[in-house]
Amino acid sequence: MNAEQTLSAKQQAIPPIAAFAATGDMARLDTALNQGLDAGLTIDEEKEILVQLYAYAGFPRSLNALGELMKVVKARKERGIHDPQGREPSRPVPTGEALLAAGKANQTKISGAPVKGPLFDFAPVINQFLQAHLFGDIFERDNLDWQSRELATVGALSAMPGLESQLQSHVRASMNVGLTPAQLQQVADVLAERGDAEAAKRVRAALDKHQAQAARQ
């Protein structure tokens, strides 16, 4: 694969962090966080991955994972490793109606079309929460790019059984933000190498399904 088809070392580090955080596997998360920092992720980038996780795996998993990152950073400092802190978002996140509008625009761009369907007709408030909290509050924070956020989302969803529909949606979203099928295949390879064969299998199945649907269109 050429450079455009290959995930960078930093990008490869993201899905395992999200996967092990989502399942609460602290031992493997510790390893993944260290590998991410070694690959060039900043402390703030790893924080951002774990904060975003709350939208997919809940606050308890997110909080536990952030606690693990605190331990990792402290232990590395004690060994004389001074990782770059990174940066905070460069602009304030909008509030009120402006936040909802920004979130709706982000959701539409990432999804490839306005999000609608019987589920959102049945419970429209859930889409408002998605637009305001996920695609607004989180995706408006520009200290982690959208490709990295989708890599984290795919990693987290692939690690949790029963979320194949959502994983399928985020495989498509990953391509909408510029990731390629080859790079998503590499996500599966990395997850398998790091010891989560089931997550890797789910990513490959979602990618195969997406490509089959695209071929029929």
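You'll find the structure just up there.
What this report covers is the structure whose coordinates are included nearby. These numbers come from a predicted model, not from an experiment. (Residues numbered from 1 in each chain as written. Predicted model: local features only at pLDDT ≥ 70, side-chain atom pairs only at ≥ 80, totals over all residues. Heavy atoms only, no water.)

1. Looking at the packing of aromatic side chains
In the structure shown here, the tally under the stated rule is three aromatic pairs. Seen from their ring centres, tyrosine 54 and phenylalanine 59 are 4.4 Å apart, and the 10° between their planes marks the pair as stacked. Geometrically, the ring pair formed by phenylalanine 139 and tryptophan 146 is edge-to-face, given 6.1 Å between the ring centres and 65° between the ring planes. Classification of phenylalanine 139 by relative accessible area gives buried; the value is 2%. (Phe/Tyr/Trp six-rings, centres within 6.5 Å; stacked < 30°, edge-to-face > 60°. Buried < 20%, exposed > 50% of the residue type's maximum accessible area, 1.4 Å probe, protein only.)

2. A look at helix H9 (residues 146-159)
With 14 residues, H9 extends 20 Å between its outermost C-alpha atoms, agreeing within 8% with the 20 Å of an ideal straight helix rising 1.5 Å per residue. For H9, the buried fraction is high: twelve of the 14 residues fall into the buried class. Three or more residues of H9 are buried, namely Ser148, Arg149, Glu150, Leu151, Ala152, Thr153, Val154, Gly155, Ala156, Leu157, Ser158 and Ala159. Between a side-chain oxygen at the N-terminus of H9 and the backbone nitrogen of glutamine 147 the separation is 3.0 Å; the capping residue is aspartate 145. (Helix = DSSP H or I, 4+ residues; strand = E, 2+ residues; numbered from the N terminus. Expected span 1.5 Å × (residues − 1). Polar contact = N/O pair within 3.5 Å; in protein donor to acceptor, adjacent residues only side chain to side chain.)

3. Re the packing of H9 against helix H12 (residues 197-216)
Direction vectors running N to C along H9 and H12 enclose 115°, while the axes themselves pass 8 Å from each other. One element, H9, and the other, H12, form an angle in the roughly perpendicular class. In this structure, H9 meets H12 at a crossing whose hand is right-handed. Packed against H9, whose contacting residues are Val154, Ser158 and Ala159, the element H12 presents Ala199, Arg202 and Val203 at the interface. Residues that form the contact of H9 with H12 fall into these classes: four nonpolar, one polar and one charged. (Axes fitted to C-alpha atoms, helices over the stretch in contact; angles between N-to-C directions. Parallel < 35°, antiparallel > 145°, perpendicular 65-115°, else oblique. Left-handed = near helix turned anticlockwise from the far one by under 90°. Contact = heavy atoms within 4.5 Å. Nonpolar A, V, L, I, M, F, W, Y, C, P; charged D, E, K, R; others polar.)

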